[in-house]
Amino acid sequence: MRDYLNSNEKNQYMVLQSIVQMMDGLRNSGVDGPKMSSMLEDWTKRDNMTKVEHKNLKTSETYLRKFLASVYERLSPKEQAAIKKKLMKFDFKLIDDFTLKQIDRDIKDKIANAVVPRQEFYDWSSEIMEIKCNGCTKDWNTCKLHQVFDNNLVPESGFDCKNCKYAYGLCES
């Protein structure tokens, strides 16, 4: 047996551990929620759970806890610490399909488009211009950087070079 979990196994472990924490009443959007014991009592009281279902749910809880404890114990101390730390920041939620699609769109948008505060973007643009635009003689029509600067309203260099409004320094005016 390995003494670590790969990322997929770690995520699966986190989901199962979160379920146990929900059973203990520890996960409910930051507010202590109902415990498994109170759920069992409530469902049984309302006659909405057979004795077999009650037994099966209790048994599944017991074996889930045993599984998680066993896996945790065989992991290295470093992996245990990493899981403990990650578990504090881990949660999962049930969401409807519409919300999930909206989240997926937002994630894809963030992957496709970097969002940078304007001043930070200008600072980076200045650094790039120092390297790429200082003394540049390329025609602006063939420059990808020109298009990025122009699309993002980066101020012109002010040198009024003939080849590009961002070129400066060693150009002929």
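Residues numbered from 1 in each chain as written. Predicted model: local features only at pLDDT ≥ 70, side-chain atom pairs only at ≥ 80, totals over all residues. Heavy atoms only, no water.

Draft legend 1. Region of interest: the nonpolar core. If you look at the biggest cluster of nonpolar residues, it comprises 15 residues, and the most contacted ones within it are Leu5, Tyr13 and Ile83. At four residues, the largest contribution of residues to this core is made by helix H1 (residues 7–23). In this structure, Tyr13 is in contact with Leu5, Leu68, Val71, Tyr72 and Ile83, ignoring residues within four places of it in sequence. Of all hydrophobic cores here, the second largest spans 11 residues; its members include Cys133, Cys164, Tyr166 and Ala167. (Core = buried A, V, L, I, M, F, W, Y, C linked by side-chain atoms within 4.5 Å. Buried < 20%, exposed > 50% of the residue type's maximum accessible area, 1.4 Å probe, protein only. Helix = DSSP H or I, 4+ residues; strand = E, 2+ residues; numbered from the N terminus. Contact = heavy atoms within 4.5 Å.)

Draft legend 2. Representation of a negative patch on the surface in the model. A contiguous patch of negative charge on the surface is contributed by Glu120, Asp123, Glu127 and Glu130. Within the secondary structure layout, Glu127 lies in helix H6 (residues 118–132). (Patch = residues over 30% accessible without salt bridge, like charges linked within 9 Å, V, L, I, M, F, W, Y side chains within 5 Å. Areas by Shrake-Rupley, 256 points an atom, 1.4 Å probe, with all protein chains shown as cover. Salt bridge = Lys/Arg side-chain N within 4 Å of Asp/Glu carboxyl O. Lys, Arg positive; Asp, Glu negative; His and termini not counted. Charge placed at Lys NZ, Arg CZ, Asp CG, Glu CD.)

Draft legend 3. Summary view of the state of the cysteines. Inspection of the entire model under this criterion finds zero disulfides. With no disulfide of its own, Cys136 lies closest to Cys143 among cysteine sulfurs, the gap being 6.0 Å. (Disulfide = S-S within 2.5 Å.)

Draft legend 4. Highlighting the pattern of salt bridges. Enumeration according to the criterion identifies seven salt bridges in this entry. In this structure, the salt-bridge partner of Glu79 is Lys10, at a minimum N-O distance of 3.4 Å. Note that Glu79 is positioned in helix H4 (residues 77–88) and Lys10 in helix H1, a separation of 69 residues in sequence. Judged by its relative accessible area of 10%, Glu79 falls in the buried class. Arg65 is paired through a salt bridge with Glu61; the nearest N and O atoms lie 2.9 Å apart. Taken as a pair, Arg65 and Glu61 lie in helix H3 (residues 51–74) at a separation of four residues, close to a single helical turn.

Draft legend 5. Region of the structure containing H1. Look at H1: 24 Å from first C-alpha to last across 17 residues, which is about the 24 Å you get at 1.5 Å a residue. When H1 is considered as a whole, its buried residues turn out to be Lys10, Tyr13, Met14, Gln17, Ser18, Val20, Gln21 and Met23. Buried residues in H1 make contact with helix H2 (36–45), H3 and H4. Near the N-terminus of H1, the side chain that reaches the backbone nitrogen of Asn8, with its oxygen 3.1 Å away, is that of Asn6. (Expected span 1.5 Å × (residues − 1). Polar contact = N/O pair within 3.5 Å; in protein donor to acceptor, adjacent residues only side chain to side chain.)

Draft legend 6. Structural detail: a nonpolar patch on the surface. A surface patch of nonpolar side chains, amounting to about 450 Å² of accessible area, comprises Ile95, Leu100, Ile103, Ile107 and Ile111. The residue Ile111 is located in helix H5 (residues 97–112) in this model. A relative accessible area of 69% places Ile111 in the exposed class.

Draft legend 7. Looking closely at the packing of H2 against H3. Contact geometry of H2 with H3 gives a least axis separation of 11 Å together with a crossing angle of 175 degrees. By the criterion of interaxial angle, the relationship of H2 to H3 is roughly antiparallel. Along its contact with H2, which presents Met36, Met39, Leu40 and Thr44, the element H3 presents His54, Leu57, Lys58 and Glu61. (Axes fitted to C-alpha atoms, helices over the stretch in contact; angles between N-to-C directions. Parallel < 35°, antiparallel > 145°, perpendicular 65-115°, else oblique.)

Draft legend 8. The environment of Ile103, seen in detail. Here Ile103 is to be found in helix H5. Placed 20 residues apart in sequence, Ile103 and Ile83 show a C-alpha to C-alpha distance of 26 Å.

Draft legend 9. Quick peek at empty space enclosed by the protein. One pass over the full model with this rule turns up one cavity of 30 Å³ or more. For the largest cavity, the calculated volume is near 40 Å³. Taken together, Cys133, Cys136, Lys138, Cys143, Cys164, Tyr166 and Ala167 make up the full set of residues lining the largest cavity. For the lining of the largest cavity, a count of residues per class yields six nonpolar, no polar and one charged. (1 Å grid on protein atoms, 1.4 Å probe; cavity = no way out; pocket = protein on both sides within 12 Å on 5 of 7 lines; lining within 4 Å. Points joined across faces, edges and corners; volume = space filled by probe spheres on them. Nonpolar A, V, L, I, M, F, W, Y, C, P; charged D, E, K, R; others polar.)

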